[in-house]
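Residues per chain, in single letters:
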Amino acid sequence: MTLTSTSTSFPIDLGAYRPLALDLAQADLTGSQRADLQANIALCRDVIVFFTATGAARGVGGHTGGPYDVVPEVVLLDALFRGNPDRFLPVFFDEAGHRVAIQYLMAVLQGHLPAEALLRYREAHARLPGHPELGLTPGVAFSSGRLGHLWPFINGLALAHPDRVLVCLGSDGAQQEGDDAEAARFAVAHGLNVKLLIDDNDVTIAGHPSDYMPGYDLESTLAGHGLATLPGDGEDLDDLHRRLRQAILSDGPVALINRRPMAVGIAGIEGSTHGHDVIPVDKAVAYLETRGRQEAADYLGAIPKPENPTGRRGSGERMAANRNVFGDTLVEILGKLPPEARQHQVLCVDSDLEGSCGLAQIRKAYPEIFVRGGIMERANFSAAAGFGMEQGRQGIFATFSAFLEMCISEITMARLNGANVLAHFSHAGIDDMADNTCHFGLNNLFADNGLEEGNSTRLYFPADAGQMRACVQAVFEDPGLRFVFSTRSKVPNLLDEQGRDLHDADYRFQPGRDEWVRRGNDGVIVSFGESLYRCLDAVEQLRDEGLQVGLVNKATLNVVDEAMLAELRRQPFVLVVESFNRRTGLGSR
């Protein structure tokens, strides 16, 4: 499988990469080897800054700091793979899949991709998504899955290849996930020849683990599981080589803990949480210019701003992010509670995504009820549920929709314990998500997994900001588990047939009730969430062609509205349009 090259040449010469073979029998680097490795590190870091910044310029996002950080480890591994081909399973496994830029760069250097393909990083249909996926991109040899989930899988590979050394790039953020604790114990118990190279930069999306998780120490945690650890400076090339060689020549699992500031050497983002995300274009241009990469800097400056060609007939001009409206509405509700009651009745637990899920507003307004839980979605959901076990209390929880699948057992336990939880799962569906299967929120209806008898679990997916606000207001005090979904992208305000806001200040959301957006007798489309405004555009176009197709907003996903169902039975057809998995979504019901 090959990718079609673009007509634009790549502005950095990747032919300058110096393929190097390092023999494990050699204890120290020679001067020429050190110079070649340093040149390769500088080249690869420049390239990563450049092509990830094209994602920022094109509006598809990405991640720069993570792949930039681990370049020394990958360049050394590349040389060791070449020099000792019978010693390794030569794959740069990475449990922090958002660092995929380094995978794409190595695929180019190994001849699987043309360099020009990198100019389409995270672009739709370019097969360069935000996380590595096996079988999609030439040269990518594995699927990372979600953060902190790959190490147990690599343990199985180690059992299948007992005569080979396997490496796994890790991170201090990934190590917060519970899967890694289990993987560590398994690897130690079975003496697996897995070597971890952990980037310990003390940065996650929402902060610094040393600040929000006192007591958590990566070296002590891994040593507590019985793992041998080799901590050191990740930017000291000779020390990194020495420790890596020692780990490889040792039997059993070993973890190199490589300490460095996030995005070291990049002015404006070094050591900050901004380094986790894609580098802003202006910061990338400044970096490239200081590195003498003027052609690459000029390329970035010439990328036009993206335009969204999607039609929005039947919708207004106001665009709003429902993921933020969720938090704004809760701040309004909580502001009406007396301080003592607010602190007694509500606990908000974040999973390192406060800015992405609307919880940052709650932290800023009411820090006394806010808990920074780190990258531990299952434990954090259970903490929110445990707080909400008593009548009159409730936990508030939020994370990405893709991570809902990780919390199924905890959701069941919360339901069995009669817990009250208002959970917000943002980034649902695939809208405006330049990513791949493991990060699309496709199976949100998995949350509705309780028995029919006495089931109070409710799933809601509001269509615009007005409905999101009304929905949160309506369900805030309801008992049981309430799941509210939103997209990463903004959505427009929906209009009625007279051009007025469909969900204005007088609108009241009624849980369990489906709503007509447009009535018609030539068939009906049933939809929800961000798919609704797209369907409305289609319905309006069909009306111009003389077809009176109706449109129903099913914002409550898991309750049958018998009155609406009776109306739909009289229609010539009913079409369900959604951005969820066909096998598990609304249409499958």
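Residues numbered from 1 in each chain as written. Predicted model: local features only at pLDDT ≥ 70, side-chain atom pairs only at ≥ 80, totals over all residues. Heavy atoms only, no water.

Caption draft 1: Main features of the sheet that holds strand β10 (residues 421-426). Here six strands make up an open sheet; going across it, the order is β8-β7-β9-β10-β12-β11 and the pairing parallel. Of all the strands in the sheet, the pair left with one neighbour each is β8 (370-372) and β11 (458-460). The average angle at which neighbouring strand axes cross in this sheet is 20 degrees, direction not considered. Where strand β9 (residues 394-400) lies against β10, six bridges are found, and the strand directions are parallel. Residue pairing in the sheet places phenylalanine 397 in a bridge with alanine 423 of β10. Strands in contact with helix α18 (residues 465-475) are β10, β11 and β12 (481-485); relative to β12, the strand with the most contacts, it is inclined by about 175 degrees. (Pairing = 2+ DSSP bridges. Helix = DSSP H or I, 4+ residues; strand = E, 2+ residues; numbered from the N terminus. Axes fitted to C-alpha atoms, helices over the stretch in contact; angles between N-to-C directions. Contact = heavy atoms within 4.5 Å.)

Caption draft 2: Just the pairing of strand β5 (residues 254-259), in detail. Of all six residues in β5, five are buried, a share of seventy percent or more. In terms of strand pairing, strand β3 (residues 194-200) meets β5 through six bridges, oriented parallel. If you follow aspartate 199 over to β5, its bridge partner there is asparagine 258. Pairing of strand β4 (residues 228-233) with β5, which is carried by six bridges, proceeds in the parallel orientation. Residue pairing in the sheet places aspartate 233 in a bridge with arginine 259 of β5. Tracing the backbone out of β4, into helix α9 (residues 237-249) and back to the parallel element β5 gives a crossover that is right-handed. (Buried < 20%, exposed > 50% of the residue type's maximum accessible area, 1.4 Å probe, protein only. Right-handed = clockwise from strand over helix to strand, strands pointing away.)

Caption draft 3: Representation of the state of the cysteines in the model. Across all of its chains, the model carries zero disulfides by this definition. Here cysteine 348 is not cross-linked by a disulfide; its sulfur's nearest cysteine counterpart is in cysteine 357, at 10 Å. A relative accessible area of 0% means that cysteine 348 is categorised as buried. (Disulfide = S-S within 2.5 Å.)

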